[in-house]
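Each chain is listed here by its residues.
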Amino acid sequence: MALHHRTCTLCEAMCGLAVEVEGRTVTSIRGDKEDPFSRGFLCPKATALADVQADPDRLRFPVRRTAGGWQRVSWKEALDETADRVAAIQASGGRDALAVYLGNPSVHNWGTVLAGVPLVKALGTKNRYSATSLDQLPHHVAALLMFGHQLLLPIPDVDRTDFLLVLGANPVVSNGSLMTAPGMPLRLKALRARGGRLVVVDPRRTETAELADVHHFIRPGTDALLLLAMLHTLFAEQRVSPGRLADFTDGVQAVARLAAEFSPERAAGPTCIPAESIRLLAREFAAARSAVAYGRVGLSTQGFGGLCQWLLNVLNMVTGNLDRAGGAMFTRPAFDVLLASLAGRGHFGRRRSRVRGLPEFSGEFPVATLAEEILTPGPGRITGLLTVAGNPVLSAPNGGRLDRALATLDFMAAVDFYVNETTRHAHLILPPTSPLEHDHYDVVFHLLAVRNTAKYSPGLFAPERGAMHDWQIFNALSARLARRGRLGWLRGGARSLLLSVATPRRVLDLALRSGPYGWRSARRLSLRALEEAPHGVDLGPLEPCLPARLFTPDKRIRLAPPELVADLSRLRERLLGPAPVAGDGWLQLVGRRDLRSNNSWMHNSPRLVKGPERCTLLMHPGDASRRGLTAGQLVEVESRVGRLAIPLEVSEEMMPGTVSIPHGWGHGRPGVQAGVATAHAGVSINDLTDDESVDALTGGAAFSGVPVRVAAAVADQPRKPRSAVG
Ligand SMILES: Nc1nc2c(c(=O)[nH]1)N[C@H]1C(S)=C(S)[C@@H](COP(=O)(O)OP(=O)(O)OC[C@H]3O[C@@H](n4cnc5c(=O)[nH]c(N)nc54)[C@H](O)[C@@H]3O)O[C@H]1N2
Ligand SMILES: Nc1nc2c(c(=O)[nH]1)N[C@H]1C(S)=C(S)[C@@H](COP(=O)(O)OP(=O)(O)OC[C@H]3O[C@@H](n4cnc5c(=O)[nH]c(N)nc54)[C@H](O)[C@@H]3O)O[C@H]1N2
Ligand code: SF4
Ligand SMILES: [Mo]
């Protein structure tokens, strides 16, 4: 038996794991009590890493799709063929004929972070897509326009704050996002225990709301109005006090003028939050010794996601809570991605997508337009696709349409170890090593963490013979493409030198040594120092760092960027104009996450899917009885783009008029190779969400508030009820 220490790579929380193995078998996974950041915390998903490791459905060698099924091919064949066909697609249709999609786990894997970005860039296609536009795009847009860098994201200082306002996030279940903080339930309980307040704004009374002092239901998609009304109150009642931030911030008065028209009375109707509650919330927020407003997926993936993330930053700033302990702070990670020029500062709206004219952000187009870019004929059409660590058929809005579009591609390759709803369309699948078979350093999530720490984990199992890491697959593809002339800038000696020298370990070591805790500091952090500290090292709490860390040329915060200000007219039109005539019986659909589920790809773990069915429609009792529906029955849900049948769960945790379905399910499509997942298939919410529905400003998917109708399914078989009608 051997004991290994490493970091869980499944979600953003970076929990330390203590893993016991015998031979190539994981015998137990526990929380690592000596990890200075997670201190032994763990959620149920971590143990499922053992299932992924042992999963017979996980691909261990490359496969080619043939009429007779998937056929094993050698790595050489798979890489050569992929490079040949990519080159052919680009030779006939132009560089943009090949699209790339990077899914969520690619940010959790340093190999894809470090080697993937250069490969994608080198392919030279403008058709780049990633899960960012299904998730957090508005955060990056706001950060770029306000602070000058797409990754300079303010992180809630949850361990020191006196008042945490959470909008559209459920960290008790998700364990935090753009807020890496292992053990969120404990951190929130500690906040309450030290006398702090927790207020949650969400159309569902979530697990996080259950821990809160106050929970407000809000009508989906209207948070920007709530935030404006809070700002209105603060300016009207002279409660604005930015303190030292005023010295390097432009636009406070502009915001005061903009907020003037959005009184709590005007916001009350659309948001369904009484004006007096909005005023009280604003006053309490401003009066707290320290306070921070935080909003995630429910706030970002809505029609006004960009406005929401901007206004959150404004609220934190005008109350003096930006860049101060207990407020919204910036990190100083050991591998400082901002300085390592790994990601540029970012740019926005330099060009527009071919079919719908959606804006690019830092070289990527929104995923909501991918299907139509494949399906719409004409010059510039996408005919080839490379996906990495993603499943957009289940994760993108109107996934059904994307599913149909993928079937029409001339060529598709996937770097993934599962034949999932998306990769089943690939001609070739190149499977990387498993999460436990490679070294790990969180290049991205240390940047988003509520405390500065650093941890390196060596691979726990040696890769199986002949297996390749993601970064090796990328480098092998880059080298082949270079030989075929696609990488003009990376030729001959320079190419081989770069690809052989730039291993993730070397890049990490260099970044650590030259970073803020490296040779210039007393710590002298290096890869070797981290190897000697298998539980990780603590680098201290977040510290104020503005204006020095700003990336705006004049080192000033832009509180009222014109692009964001301009979008207020859309808000005015949509939310304050005459109310759209609500057709009878329409409900608004939102999403949810479950503790034992991770986006679309952990449902093949027997220990995670056991227990009650999780893919259900949640509805308020009043809405159910009005439709004559009872808990447990199968109902049909219909939107503009699709229709599906799903078991009904009835609960007062839902806001009346709003229903909820978790995403990531729907494994019943033919050809998916995941035995356990297909036996617990569920349905995909994204067969209902609408690819036409985006935040027009950022292009981010607007999942929240999809209009749906719900009725008894025609061939309904009554089931055993799970929850009583209240
Ligand atoms: N267990 C588990 N953990 C995960 C994941 C997982 O799938 N499972 N996924 C990981 C990923 S990739 C991410 S990005 C994070 C996401 O982390 P979170 O954002 O914390 O997770 P969600 O559960 O999606 O929370 C969104 C909340 O927004 C609410 N909401 C929907 N529409 C609106 C609206 O218009 N306004 C407001 N105010 N609220 C709204 C929903 O009811 C829901 O409670 O979680 C990560 N962690
Ligand atoms: N309606 C609705 N839709 C949503 C959301 C929502 O809240 N509501 N949430 C959105 C969010 S926040 C996100 S992040 C997306 C997620 O959506 P995606 O990023 O498109 O997909 P995932 O479900 O994360 O699928 C991950 C795939 O990566 C593979 N994989 C895992 N680890 C590795 C690895 O190390 N290397 C490689 N090469 N592959 C690996 C897995 O096998 C799996 O096939 O979904 C989005 N979609
Ligand atoms: S909270 Fe996230 S990082 Fe921690 S054990 Fe669970 S899945 Fe892993
Ligand atoms: Mo995400």
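Residues numbered from 1 in each chain as written. Chains lettered and ligands numbered in written order. Predicted model: local features only at pLDDT ≥ 70, side-chain atom pairs only at ≥ 80, totals over all residues. Heavy atoms only, no water.

Draft legend 1. Inspection of the overall build of the protein at higher detail. From N to C terminus, the protein includes 26 helices and 30 strands. Taken against the 2.2 N^0.38 rule, which gives 27 Å for 726 residues, the C-alpha radius of gyration of the protein at 25 Å falls within 12% of a compact globule. Summarising its shape, the C-alpha atoms of the protein cover approximately 70 × 65 × 55 Å along the three principal directions. Burial statistics for the protein: of 726 residues in total, 63% are counted as buried. (Helix = DSSP H or I, 4+ residues; strand = E, 2+ residues; numbered from the N terminus. Rg over C-alpha atoms; globule rule 2.2 N^0.38 Å. Buried < 20%, exposed > 50% of the residue type's maximum accessible area, 1.4 Å probe, protein only.)

Draft legend 2. The arrangement of the side chain of D35 in detail. Note on placement: D35 falls in the loop between strand 3 (25-31) and helix 1 (44-47). The class of D35 is buried, set by a relative accessible area of 3%. Reaching out from D35, the side chain makes a polar contact with the backbone nitrogen of F37 at a distance of 2.7 Å. Polar side-chain contacts of D35 include one of 3.0 Å to the backbone nitrogen of S38. (Polar contact = N/O pair within 3.5 Å; in protein donor to acceptor, adjacent residues only side chain to side chain.)

Draft legend 3. Expanded view of the side chain of D162. On the secondary structure map, D162 appears in the loop between strand 8 (155-156) and strand 9 (163-167). Among the polar contacts listed, one links the side chain of D162 to the side chain of R289, at a separation of 3.2 Å. With residues near it in sequence (within four places) discarded, D162 still touches L191, G196, R197, R289 and S290. (Contact = heavy atoms within 4.5 Å.)

Draft legend 4. A look at the site of ligand 2. In the neighbourhood of ligand 2, 29 residues make up the surrounding shell, with Y101, N104, S395, D416 and S600 lying closest. Take N109: an N or O atom from its side chain is 3.0 Å from an oxygen atom of ligand 2. Note that a nitrogen atom of ligand 2 is positioned 3.0 Å from one of the backbone N or O atoms of V415. Considered on its own, ligand 2 offers 920 Å² of accessible surface; in the complex 97% of this is hidden by protein. Residues that form the shell around ligand 2 fall into these classes: 14 nonpolar, eleven polar and four charged. A domain split of the shell around ligand 2 shows at least three residues from each of domain 2 (63-134 + 343-442 + 456-502) and domain 4 (580-712). (Near = heavy atom within 4 Å. Areas by Shrake-Rupley, 256 points an atom, 1.4 Å probe, with all protein chains shown as cover. Nonpolar A, V, L, I, M, F, W, Y, C, P; charged D, E, K, R; others polar. Domains from an automatic or database assignment.)

Draft legend 5. Layout of the packing of aromatic side chains. Under the defined criterion, the tally for this structure stands at seven aromatic pairs. Between F417 and Y418, the aromatic rings sit 5.6 Å apart at their centres with planes inclined by 75 degrees, giving edge-to-face as the arrangement. Of the two residues examined, F417 and Y418, each falls in the buried class. Put simply, the rings of F417, Y418 and W601 touch in pairs and so form one group of aromatic residues. Sitting over the face of the ring of F61, R72 holds its NZ or CZ atom 3.8 Å from the ring centroid. R520 extends its terminal NZ or CZ atom over the ring of W519, reaching a point 5.4 Å from the ring centre. (Phe/Tyr/Trp six-rings, centres within 6.5 Å; stacked < 30°, edge-to-face > 60°. Lys NZ or Arg CZ within 6 Å of the ring centre and 35° of its normal.)

Draft legend 6. Quick peek at the domain arrangement of the protein. Each assigned domain of the protein is listed with its residue range as follows: domain 1 (2-54), domain 2 (63-134 + 343-442 + 456-502), domain 3 (157-330) and domain 4 (580-712). Counting residues at the interface gives 21 residues for domain 3, matched by 22 residues for domain 4. Taking both sides of the interface into account, the surface hidden between domain 3 and domain 4 amounts to around 1,600 Å²; carbon and sulfur atoms contribute 61%. Three residues stand out in domain 3 for area buried against domain 4, namely R204, P220 and T301, and they jointly supply 34% of the buried area on that side. One can count one salt bridge joining domain 3 with domain 4. One salt bridge in this structure joins R204 and E653, with 2.8 Å as the shortest N-O distance. Summed over the shared surface of domain 3 and domain 4, the number is seven residue pairs in polar contact (both at pLDDT 80 or more). (Buried area = accessible area lost by both parts, 1.4 Å probe. Salt bridge = Lys/Arg side-chain N within 4 Å of Asp/Glu carboxyl O.)

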